[in-house]
Structure formats: structure tokens, C-alpha cells
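A structural walkthrough
In case you want the letters, here they are:
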Amino acid sequence: MTKLIYSVLLCHFIAAFSALGMPLFLPMVIPTLGTNIDAQWIGILFILPTLCTATASRFWGLFADKYSKRLSLLRAQVGLTAGFVLCSLATDLPTFVIGLIVQGTFGGTMAASNSYLSSQISDRKKLGQTLNKTQQSARLALIVAPISLGFTLSSLNPLNAYLWLAILPLFAFALTLHLPKDQPVLSERQKDSNNQSLNNDSGNAQNNGQLSKIIKPSNIMAQLYILQFMFAFCMVVTFPYFAPFAQSKSIDSSTMIGFLYALPHLVYLLLASVIHKWSTTSRRILLVGFTTLAISNLTHLLPYMSSLIVARLLFGIGIVLCFHGLHQSLSHHFSKANSGRVFSRFDAMSKWGGVIAGLCASYVSGFGYLSVPFIISSLISFLAVLMLTYTFKEWEQHVIDTRFAHR
């Protein structure tokens, strides 16, 4: 099982390296297509693949549940390869845009990887820990890819870089072919039979006083989707204009700005593998996580260099806690029969949160308000804390009920 997990993680890192590395260099790519567009349009091209992934996620989730989670993962890897090849062959802007659309619509390796892992890992706690590791691979790619490509693109045509990067998801495709196939999804009759059996067991448990109530999993999942959207928004809204924000605080060194930008991701890499040792409920972890995010965003506004470093460290801790809480909740509440849809929607909410956050940051920063994204992020974080405090109390009971029902 360990070998399978790390094989999937390697494949995900390879794909994420390609997908997350090149968008940063779009300002270098566009001039090679013989067109002149303003910075606003470059921003739209930046979020286009993410927007396409979010839009197509529901279809690919249904596809994974109906046919195969592994087949859906293979599809995502081929989709990335095809999108990058199209981008590399582009001689004009429309062809390049088509390549970005293909990359986003047929890609989506994060959701596909998590869905496949959920079909192979039966231990819910271990699955939650593994979901943290897929985020670790994404964070590592987010750090390594821009640095590596920055050195490479200094001596290579940016469009040719797309062709070389297309090899990476193709290599991941070859590795995935050797992974075991997932079990077929239960038929509707089987699911109805199992649900009836579970309801009977739950009814008996209630009669014996062993369960206090049964909460509909769909309600829990809807709440998780909302929190995932809010978390992605809180995190991403501070990203696009962090460099000019840091410069406004008299930080002129690009190296220092890059370090401060990457610091939360480094914190995640260091702490994500040990956070599962903190034995408490996912709801409490999320409460602490969103509270930490809110405080860290406000700390960014203090006029001291030392406070900015503390703010970035706190931001990283908040990211670790929120990811861990969300993944633990997700791993306990989803049904394996529709895990493709669940993980696709969960990832889609992250994508939609990121897209809307990017548009919001672009709008407010257009007026020169570089601190406003941090204020907005803090307000949304506090809103999440209030929702967790007064609305989502049934989570813990549902986890207890689910564990008892599956004994």
C-alpha cells in the first residue's frame, strides 16, 4: 500500500510541476505569439485553465464513478499532455488559448489522484493523512517548478518549454498504467440494499441507546464544500499582488520577496506530515486554522519587517491546519460509491474560490489598495469561524455515528 501511495504522489508531483510552473511565465510567452495584449488579459489567461477545470469537474466526477477512478486519472494525465503539446505548437494566440482550454478541461490531476487513492485506501484516517500528502506534492511543485523553469527559460524558447513539459505527465501516465485497477462502483440495487441494511443497523443502535442521531452525509458535504471555497478564497486572494505589497513596505530585494512569498508553503511542507499526531476533532482543527489565518492576515498590516515574517509563518500554520481539518472531515464523510463526484466537486470549489479571489484581488488592487486583499481574507476567515461555531456542530456526532455504523 505504501508503494502505491507514493507512486500516485510521484505522478501527481510530476503533473503539478508542469501545470503550476508555466503560468508564472505567461508574460514571457505571449510576446512570442506575435500579439500585444494588456496585463488584464494576461491575468485572464492565467486563470483560464483553472476555470475550465472547475467547470468540467462535475462531468469527470461522474465519469470516474461510472467507469473507473484509475481511468479518470489516466485521462487527466493525457489531457495535460495534449494541452501542453497544443500550446507548444501554437503560432498565434487563438491556438494557444485552445491549448490552455484543453489543459484545464481534460486535466484535473488533483481530484483524479485523490479519487483514485480513496478507492484503494480503506482506512479513513490514513486516507486523510494521504490527502495531506497530495497537497504537499502540490506545494513542493509550486516552489520547485518556478525556480527550475526560471533557470531553464533563460536559454530556451518558452513555447518549446511547453513541449518538454508535456513529457512529464506522459511519464506519469506510463507509471499509472502499472497501478492496480480500482473496484467497480456498486450497482444501484446493491447500494439500495446496503443503505437499507445500514438504516436497519442504525435503527437498532438507536433503540439500544448507542447512537444519538443520524445526520445526512449530504448536509455535511455541502458544508465542507462551502468551507473549501472559503479557504481557497482566503488563501489565494492574498497571492497575486503580494510582490507590490511587500515593495510598499520598503522591501526591495526580489530574493527576500520571493522568500516571504514561499514561506507559508515551506511551513506546510515541514508540518503537514506531523499534524495528524494532533489528536482532536476536525471541526476544532478548522476553528483554530481559520482563526490563525484571520490573525495572520491582520498581522500583515503592521508596519514592521519582523511582523511580516511572523505573519507569513502564521499564514503557513493556518494553511496546514485548514487543509488537515478539511481532509480529515472529507475522509470520514464521503461515500466510496460516489467518491469521483465528491473529490471533483471538492476540488472544483477550491478552483472556483481561487478564480473569484483572483478577480477580487485584481479589482481592488486596481485602485491601489494593496492591503485590502488581506483585510478581505481576514473577514472571510472570521466568517468561517462563526459558521463553524454556530452552524456545523453536527460534524463530530456524524463522525462518531459513522465509525460505529462501520464496525
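This write-up is about the structure you can find in this document. (Residues numbered from 1 in each chain as written. Predicted model: local features only at pLDDT ≥ 70, side-chain atom pairs only at ≥ 80, totals over all residues. Heavy atoms only, no water.)

A few points about a nonpolar patch on the surface
Together, Leu 298, Leu 301, Ile 375, Leu 379 and Phe 382 line one region of the surface with nonpolar side chains, adding up to about 410 Å² of accessible area. A per-element tally of the nonpolar patch places helix α17 (residues 372–390) first, with three residues. Position of Leu 298 relative to the elements: it lies in helix α14 (residues 282–299). (Patch = residues over 30% accessible without salt bridge, like charges linked within 9 Å, V, L, I, M, F, W, Y side chains within 5 Å. Areas by Shrake-Rupley, 256 points an atom, 1.4 Å probe, with all protein chains shown as cover. Salt bridge = Lys/Arg side-chain N within 4 Å of Asp/Glu carboxyl O. Helix = DSSP H or I, 4+ residues; strand = E, 2+ residues; numbered from the N terminus.)

Notes on the packing of helix α7 (residues 124–152) against helix α15 (residues 305–333)
Contact geometry for α7 and α15: axes closest at 8 Å, N-to-C directions at 140 degrees. When the axis of α7 is compared with that of α15, the two are oblique. Like other packed secondary-structure pairs, α7 and α15 cross with a definite hand, here right-handed. Listed contacts from α15 to Arg 124, Lys 125, Leu 127, Gly 128, Gln 129, Leu 131, Asn 132, Gln 135 and Arg 139 of α7 are Phe 323, His 324, His 327, Gln 328, Leu 330, Ser 331, His 332 and His 333. Class assignment of the residues belonging to the contact of α7 with α15 gives a composition of four nonpolar, 10 polar and three charged. (Axes fitted to C-alpha atoms, helices over the stretch in contact; angles between N-to-C directions. Parallel < 35°, antiparallel > 145°, perpendicular 65-115°, else oblique. Left-handed = near helix turned anticlockwise from the far one by under 90°. Contact = heavy atoms within 4.5 Å. Nonpolar A, V, L, I, M, F, W, Y, C, P; charged D, E, K, R; others polar.)

Structural notes on helix α6 (residues 109–120)
The end-to-end C-alpha distance of α6, which contains 12 residues, comes to 16 Å, matching closely the 16 Å that a straight helix rising 1.5 Å per residue would cover. In terms of burial, α6 is a largely internal element, 11 of the 12 residues being buried. Taken together, the buried positions of α6 are occupied by Thr 109, Met 110, Ala 111, Ala 112, Ser 113, Asn 114, Ser 115, Tyr 116, Leu 117, Ser 118 and Gln 120. (Expected span 1.5 Å × (residues − 1). Buried < 20%, exposed > 50% of the residue type's maximum accessible area, 1.4 Å probe, protein only.)

Topic: the nonpolar core
Generally speaking, a soluble globular protein has its nonpolar side chains buried in company with each other. In terms of nonpolar packing, the biggest core is built from 46 residues, with Leu 227, Phe 231, Phe 290, Leu 293, Ile 319 and Leu 330 touching the most fellow members. If we skip the residues at most four places from it in the chain, Leu 330 touches Leu 131, Met 221, Leu 224, Val 342, Phe 343 and Phe 346. Formed by 26 residues, the second largest nonpolar core is a distinct cluster that contains Leu 45, Phe 84, Phe 96 and Leu 100. (Core = buried A, V, L, I, M, F, W, Y, C linked by side-chain atoms within 4.5 Å.)

Observations concerning the side chain of Ser 307
Considering the arrangement of structural elements, one finds Ser 307 in helix α15. For Ser 307, a relative accessible area of 8% gives the class buried. For Ser 307, the side chain forms a polar contact with the main-chain oxygen of Tyr 304, separated by 2.6 Å. With residues near it in sequence (within four places) discarded, Ser 307 still touches Thr 299 and Leu 302. (Polar contact = N/O pair within 3.5 Å; in protein donor to acceptor, adjacent residues only side chain to side chain.)

A word on α14
In this model, α14 (18 residues) spans 25 Å end to end at C-alpha, consistent with the 26 Å of a helix rising 1.5 Å per residue. Extensive coverage of α14 is indicated by the burial of 13 of its 18 residues.

Overview of the environment of Lys 69
Mapped onto the elements, Lys 69 comes out in helix α4 (residues 69–89). In the structure, Lys 69 is positioned 45 residues away from Asn 114 in sequence and 9.2 Å away in space, judged by C-alpha atoms.

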